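# Summary of structural features
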Amino acid sequence: MAMGTRKDQGQQEELWVPQASLPKGSSHPFYQRLNQLLEESRFDEFVEGRCRQFYAAKRGRPSLVPGVYFRLLLIGYFEGIDSERGIAWRAQDSLALRRFLRVGLEESPPDHSTISRTRRLIDLEAHREVFSWVLRLLAEKGLLKGQTLGIDATTLEANAALRTIVRRDTGEGYQGFLKRLAQESGIATPTREQLARLDRKRKRKGSNEEWKHPHDPDARITKMKDGRTHLAHKVEHAVDFQSGAVVAVNLAAADAGDTKTVGNTLAEAGEQIATVAGEAKSEGVNPEGPKEVVLDKGYHSNEVLVELAEWQVRTYCSEPERGRRRWQGKAEEQAAVYANRRRIGGERGKKLLRQRGEKLERSFAHLYETGGMRRVHLRHHRNILKRLLVHVAAFNLGLVMRQKWGRGTPRGLQGYRLDLFLTLLRLLNWLWALNLASEGSEECFEPNLGSPEPSNDTFLATAKKATSATGC
């Protein structure tokens, strides 16, 4: 094979190119099926009716259609893009995403400023209703139960730098504050080494009670999962243990304790489940809200266990080692703690605690590691929560896609052509073996492809499912 040169490839392109002849990537069938799902469920009619109040009655400057705006935020999860600039750039560059957004080749997708302006235009409650709409879709597909929930939290890196924090009382920066301390201690012109030595000796130098960020007061100084100290936010999930769907998202200050935020998250989850049970066309959702909640030892406290017992919610909360405890005058707390201890010691309690990593930690990995939201590019909790609600809604939509077509993300289709080929190969070998057996031959070719031979019905169903998902 002879080597070509770049000059040989510089040919005159055709003036007119039929749209049907444009190449389609491996992600195109996924977005095609996702659009089909949204259109069958009348998603655009829902968001247009809900967001009509935020637009002018008369036609003026062309606006970003609500259905396209929310689809752009869904792309952020499915493509693992953290910023609105990145979403706009990806939509401009991808033919598959242009078809998903219904943007023609002669049109330009919305830029990041248009996405940002639309986000500010549409309020938080509308984003929350889109999240609830996806939960109703899960319930109608039989994927949401709402009986047993797991609650856990993680930290998201804020769009703010530690070097820009200021004092809450005086408003001066960190370096200016150190220079003032040095001058008060008798050093008229302190050097950098003297300032560093003075800073090392101070106690509580990173206190959130004394310092804040001037442009994002909701960010708090905290230690991240990787050990770094950074300004961050805390996000808490309530996950349905039957399906793995996230039923509630709560955003709080990063220095807020788990025992202070669990009540709000559980209350929001109960409200969402009750609303879905009343509106969805499904009887599988518990209308009374969650009956069991699984927690780690960071949530274990007398107040939390007593409060959840009053709400008639059974707790399966890991108990930290505290040694012998005194219960004089605390009969109610003692009963709640001992009841939780008996439950986590049983077989069901141990099974639920083992599932925390599968259900809770998996949602964090998909949303913030693969989904690209470990660092937020927005400020203030209302703006961040708007993006988070649609981001988590995209994760829940992926569960519906996985149930219906076998893959919950566009990247899941990358190896589907090989799976389809191996499935058809096994089907042909199995049919050949059946033909030999029907002719009375003792020879039977059994290929070793790493799995036992299933029935013909299983083969046909798998091949049909693979063909439907890849669009072949």
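In this text the structure is predicted, and so the values were computed from the model without any measurement. (Residues numbered from 1 in each chain as written. Predicted model: local features only at pLDDT ≥ 70, side-chain atom pairs only at ≥ 80, totals over all residues. Heavy atoms only, no water.)

This part is about the packing of aromatic side chains. Centre distance and the angle of the planes are the two values used to describe a pair of aromatic rings. Counted by the stated rule, this structure contains 12 aromatic pairs. An angle of 25° between the planes, with centres 6.2 Å apart, marks the rings of Phe46 and Trp133 as stacked. Residue Phe46 is found in helix α3 (residues 43-51), and its partner Trp133 is found in helix α8 (residues 124-140); the two are separated by 87 residues along the sequence. Relative accessible area serves as the criterion here: at 8%, Trp133 is assigned to the buried category. (Phe/Tyr/Trp six-rings, centres within 6.5 Å; stacked < 30°, edge-to-face > 60°. Helix = DSSP H or I, 4+ residues; strand = E, 2+ residues; numbered from the N terminus. Buried < 20%, exposed > 50% of the residue type's maximum accessible area, 1.4 Å probe, protein only.)

The side chains of a regular strand alternate, first on one face of the sheet and then on the other. Of all eight residues in strand β6 (residues 246-253), eight are buried; the element is thus mostly enclosed. Note: strand β5 (residues 229-240) against β6, seven bridges, orientation antiparallel. Counted as the bridge partner of Lys234 is Ala252 from β6. (Pairing = 2+ DSSP bridges.)

Locating Glu84 in the fold gives a position in helix α5 (residues 84-93). Note on Glu84: relative accessible area 10%, which makes it buried. The contacts of Glu84, once residues within four sequence positions are left out, are His112, Ile115, Ser116, Arg119 and Leu378. (Contact = heavy atoms within 4.5 Å.)

Right, let's talk about unusual backbone geometry for a bit. Within the chain, Arg102 stands out as a residue other than glycine whose phi angle is a positive 60°. Residue Arg102 is classed as exposed on the basis of its relative accessible area, which comes to 54%. Phi is positive for His380, which is not a glycine, with a value near 75°. In this fold, His380 is placed in the loop between α15 (356-370) and α16 (381-405).

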